[in-house]
Amino acid sequence: MDVLNPILCASVKAGTEFRNCGACPDTLSGIEKLPVELLSEIFIDYVLSHPFDLWDPNDGPRLLENICSLWRATVISSPRVWSTFVIVSRPAIHTPSAVKVLHTYLLRSAAAPLTFSFYTGSATSDPNPIFELLLDHCHRWYDVMLELPLHLYPSLDRIHGRLPLLHAASLRAKGSTSPHVGNILAFADAPRLEKLALWGNWTTVQRVILPWNQLTSYADEDGSATCPQNLLAMSNLVHLTYRARKIDVFPCQVQRLENLTTLRILSGYHLSTFFDHVTLPSLQELTLDDMTLRYEVKAVAGVLEDLIGRSRCSVQVLNIDNLAFGDTPHLLRLFWCMPELTSLCIRHYAARELSKLFRTLRGSTVLPKLTMISLHSDLTAAVIDVVDMVESRWKGEGGVQRLKSVECPRYPVYDSFTLLRLTDLAKEGLDVYFSSCVKLPDACIF
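Residues numbered from 1 in each chain as written. Predicted model: local features only at pLDDT ≥ 70, side-chain atom pairs only at ≥ 80, totals over all residues. Heavy atoms only, no water.

### Digging into the pairing of strand 15 (residues 405–413)
Let me state the cut-off plainly: Two strands pair if DSSP finds at least two bridges between them. Comment: elements are numbered from the N terminus, with helices defined as DSSP H or I runs of at least four residues and strands as E runs of at least two. Consider the strands pointing away from the viewer: the crossover is right-handed when the path from the first strand over the helix to the second runs clockwise.
Examined bridge by bridge, strand 14 (residues 372–375) and strand 15 share three bridges and lie parallel to one another. Looking at strand 15, one finds that Met372 is bridged to Ser405. Once the chain exits strand 14 it traverses helix 13 (residues 383–394) before rejoining the sheet at strand 15, and the crossover so formed is right-handed.

### A look at helix 13
Just so we agree on the cut-off: The span you would expect from a helix comes to 1.5 Å times its residue count less one. With a 1.4 Å probe rolled over the protein chains alone, any residue whose accessible area is under 20% of its type maximum counts as buried; one over 50% counts as exposed, and the rest are partly exposed. Contacts are assigned to residue pairs with any non-hydrogen atoms lying within 4.5 Å of each other.
With 12 residues, helix 13 extends 16 Å between its outermost C-alpha atoms, agreeing within 8% with the 16 Å of an ideal straight helix rising 1.5 Å per residue. Of all the 12 residues making up helix 13, 10 are buried; the element is thus mostly covered by neighbouring parts of the structure. Within the sequence span of helix 13, burial applies to Val383, Asp385, Val386, Val387, Asp388, Met389, Val390, Ser392, Arg393 and Trp394. On its buried face, helix 13 is in contact with helix 12 (351–361), strand 14, strand 15 and helix 14 (416–428). Just downstream of helix 13, Gly396 is the residue with a positive phi angle, here 75 degrees.

### Some thoughts on the packing of helix 10 (residues 297–311) against helix 11 (residues 328–336)
To keep things clear, this is the line we draw: Interaxial angle, 0 to 180 degrees, is taken between N-to-C directions of lines fitted to C-alpha atoms, where a helix line uses only the stretch in contact. In what follows, roughly perpendicular refers to angles from 65 to 115 degrees, roughly parallel to angles under 35, roughly antiparallel to angles over 145, and oblique to any angle outside these ranges.
Close contact between helix 10 and helix 11 brings their axes to 9 Å; oriented N to C, the two are set at 5 degrees. Considering their axes alone, helix 10 and helix 11 lie roughly parallel with respect to each other. Between helix 10 and helix 11, the contacting residues are Val297, Lys298, Ala301, Gly302, Leu304 and Glu305 on the first element and His330, Arg333 and Leu334 on the second.

### Quick notes on the packing of aromatic side chains
What counts here: Aromatic pairs are defined between Phe, Tyr and Trp rings, using the six-membered ring for Trp, whenever the two ring centres lie within 6.5 Å; interplanar angles under 30 degrees are classed as stacked, those over 60 as edge-to-face, and all others as tilted.
Under the criterion given, the structure shown has 11 aromatic pairs. Residues Phe85 and Tyr105 carry aromatic rings whose centres are separated by 5.8 Å and whose planes lie at 70 degrees to one another, so their mutual orientation is edge-to-face. Of this pair, Phe85 sits in strand 1 (residues 84–89) while Tyr105 sits in helix 5 (residues 96–108); the two residues are 20 residues apart in sequence, bridging distant segments of the chain. Of the two residues, Phe85 and Tyr105, neither departs from the other in class, the shared state being buried. Ring geometry for Phe85 against Phe116: centres 5.7 Å apart, planes inclined by 10 degrees, an arrangement best described as stacked. Linking Phe85 in strand 1 with Phe116 in strand 2 (residues 114–120), this pair joins segments that are 31 residues apart in sequence. No difference in accessibility class separates Phe85 from Phe116, as the two residues are buried.

### Observations concerning the pattern of salt bridges
Test applied: By salt bridge we mean one thing: a side-chain nitrogen of Lys or Arg within 4 Å of a carboxyl oxygen of Asp or Glu.
Taken as a whole and assessed by the stated rule, the structure comprises 17 salt bridges. Lys174 is paired through a salt bridge with Glu147; the nearest N and O atoms lie 3.5 Å apart. A residue pair is termed long-range when its members are at least 10 positions apart, and Lys174 in strand 4 (residues 168–174) and Glu147 in strand 3 (residues 141–149) qualify at 27 residues. Judged by relative accessible area, Lys174 falls into the partly exposed class, the value being 32%.

Following this line, the structure appears as structure tokens:
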């Protein structure tokens, strides 16, 4: 499908010139000669990988059905092509014609599970005919993203007990100044719900009631929607994105989140209020978001060091969003607790601190199993120290495992001598990915 998608895009571009011909032109790259079943699967893959606005007649299935008669027949008879869409609700589109467009999608998608995103900036409590139509089909919701004013979420209670297929939901609350909001019950009885994400500020909500014990993936951006007792009740939780809050009160007894393998921490503040009360024996991937290390880095490192030691887990992937001045000695404390670490990704960093960190890692026995490094910011001031460390680890100096992959995709490397060193390492077999403003041999991957 990845190979055919570009062909489909080229066919769409060519076919738009022949919309009224009634048959497929020869310029459609032979794609019209494929069996109808395969053509339908290609259309489904195209729609899933190509987000489009439902209201745009020149995109998505509404474009595909206008290329030629064969494509139209195939698209109309393929329910899954119509079951994925994005709706941006504006007052100007609350018209009978707009409702008719959505009704067409829902009719042609037949009984296929629905995957959609719905955005609205309107704070009015007046009925939204577009959203009302979606609510009427809530029994088909499978993977949904809703962005609504916070005070409108309780109105979703009408779908409580009517979500038999819902697998994943992402809910964004708009308007942090909303008045007090009562319980939100809509998703409390969704038997197949496994993935839930809450974005925005939910402070004024009394309670968000969810089937906690069946969730495998959970995110709470603000930390305000999660009662600590509910968090500890998620016995099947595998992926957690969390921001600890000062008001959290945990039981005295340490709780085990047995199945948690991926943890993303959004803030270093009040971290101990949560992590001093849990063990995570299966933890494999840890992400420290932008606000985690920027402040209180010393306290954060200590809390995480205690957590990893107490859990006796083997962290293999570490993602750091911000490396600031003075962070290196505290990170090294964490590194010593992660002898099984194989992948290190750093997104933003102070060049001087990155140089210090990589000079320490060069020839060191810290992180002895590290095989993959990914850096996503400007390397200019630190590139020599980075390449020195990469070269040292590639050669396996100090008895550490040989490095296998290095990625520096976002910013070009300008230093010619350093580029030649990276080129030589690529020729020797190191998987190197970086961008460059200097023409080099084809051995490098761009």
